[in-house]
Amino acid sequence: TTEIYTLSLHDALPISDILESELFGYQKGAFTGANKDRVGKFEMADGGTLFLDELTEMPMPLQAKLLRVLQENIIERLGSNRGIPIDVRIVAATNRDPRQAINDGRLREDLYYRVNVFNIDLPPLRERKDDIPALAASFLLGLNNTQGISEAAMVCLQNYSWPGNVRELQNVIERAAVLACG
């Protein structure tokens, strides 16, 4: 079986060094607080898949390092000059239009062409209301909740515009499951 390792780039953005150490790992002594070697997400995903969420939010210098890794299939941990070969499939996502992100200077064009081998354009939830029942049921199952959703509640869910997309739907389902009386 193939394991999928996920790293949300949006969560780690304020400190690009943290993001870099998460992706590539580091050697003991590479920086203050690096008390032992740490394997990064690329090494963990070797032989499998690494999901990079919010690619257009990644700092430009790190995009250059990512491009090099994708071209050479070799990473270097922070504080090391030893290359580590990797075999990783990359799945990348963004909530921005990548072409617009390139025009805005938020995404390297060469990185875009490297990761855009197969593109899946997923419209926002408000444009695919028919997916809401299946998604809601899946979220309830993940909560071990088998009670389901009333028809009236489903109509409300399908009439809402979901500006927060699928994550907002998931949050609403979790909140409803906590507050439900039956």
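Residues numbered from 1 in each chain as written. Predicted model: local features only at pLDDT ≥ 70, side-chain atom pairs only at ≥ 80, totals over all residues. Heavy atoms only, no water.

Let's talk about a nonpolar patch on the surface
On the surface, Val 117, Phe 118, Ile 120 and Leu 122 cluster together to form a nonpolar patch covering roughly 540 Å² of accessible area. Relative to the helices and strands, Leu 122 is located in the loop between α5 (109-115) and α6 (132-142). Assessed through its relative accessible area of 58%, Leu 122 is described here as exposed. (Patch = residues over 30% accessible without salt bridge, like charges linked within 9 Å, V, L, I, M, F, W, Y side chains within 5 Å. Areas by Shrake-Rupley, 256 points an atom, 1.4 Å probe, with all protein chains shown as cover. Salt bridge = Lys/Arg side-chain N within 4 Å of Asp/Glu carboxyl O. Helix = DSSP H or I, 4+ residues; strand = E, 2+ residues; numbered from the N terminus. Buried < 20%, exposed > 50% of the residue type's maximum accessible area, 1.4 Å probe, protein only.)

Comments concerning the packing of aromatic side chains
If you walk through the whole model with that rule in mind, you get three aromatic pairs. Residues Phe 24 and Phe 42 carry aromatic rings whose centres are separated by 5.6 Å and whose planes lie at 5° to one another, so their mutual orientation is stacked. Taken as a pair, Phe 24 in helix α1 (residues 16-24) and Phe 42 in helix α2 (residues 41-44) lie far apart in primary sequence, 18 residues in all. Ring centres 5.2 Å apart and planes at 65° place the aromatic pair Tyr 112 and Tyr 113 in the edge-to-face group. By relative accessible area, which is 10% here, Tyr 112 ends up buried. (Phe/Tyr/Trp six-rings, centres within 6.5 Å; stacked < 30°, edge-to-face > 60°.)

A short note on unusual backbone geometry
One non-glycine residue, Asn 73, lies in the positive phi region at around 55°. In this structure Asn 73 comes out as partly exposed when scored by relative accessible area, which is 38%. Positive phi outside glycine occurs at Asn 165, with the angle close to 60°. Position of Asn 165 among the secondary structure elements: in helix α8 (residues 165-179).

Side note on empty space enclosed by the protein
Under the counting rule described, the total for this entry stands at one cavity of 30 Å³ or more. Considering only enclosed or pocket space, the largest cavity measures out at about 30 Å³ in volume. If you trace the largest cavity, you find it lined by Phe 42, Val 69, Leu 70, Asn 73, Ile 86 and Val 88. (1 Å grid on protein atoms, 1.4 Å probe; cavity = no way out; pocket = protein on both sides within 12 Å on 5 of 7 lines; lining within 4 Å. Points joined across faces, edges and corners; volume = space filled by probe spheres on them.)

Concerning the nonpolar core
Residues Leu 23, Phe 42, Leu 50 and Leu 66 are the most contacted members of the largest nonpolar core, which totals 24 residues. Only α1, β2 (49-53), α3 (60-72), α4 (98-103) and α5 provide two or more residues apiece to this core. Grouped together as the second largest cluster of nonpolar side chains are ten residues, Ala 136, Trp 162, Leu 169 and Ile 173 included. (Core = buried A, V, L, I, M, F, W, Y, C linked by side-chain atoms within 4.5 Å.)

A look at the pairing of β2
With respect to burial, β2 is a largely interior element, four of its five residues being buried. In this structure, β2 lies alongside strand β5 (residues 89-93), joined through five bridges in parallel fashion. Bridge pairing links Asp 53 to Ala 93 in β5. (Pairing = 2+ DSSP bridges.)

Digging into the layout of surface pockets
For the largest pocket, the calculated volume is near 1,400 Å³. Residue composition of the lining of the largest pocket, grouped by class: 18 nonpolar, seven polar and eleven charged. Of the volumes computed, that of the second largest pocket is approximately 270 Å³. Lining the second largest pocket we find 15 residues, and of these Gly 148, Ile 149, Ser 150, Ala 153 and Ala 176 sit closest to its centre. For the lining of the second largest pocket, the secondary structure elements donating two or more residues are α7 (151-159) and α8. (Nonpolar A, V, L, I, M, F, W, Y, C, P; charged D, E, K, R; others polar.)

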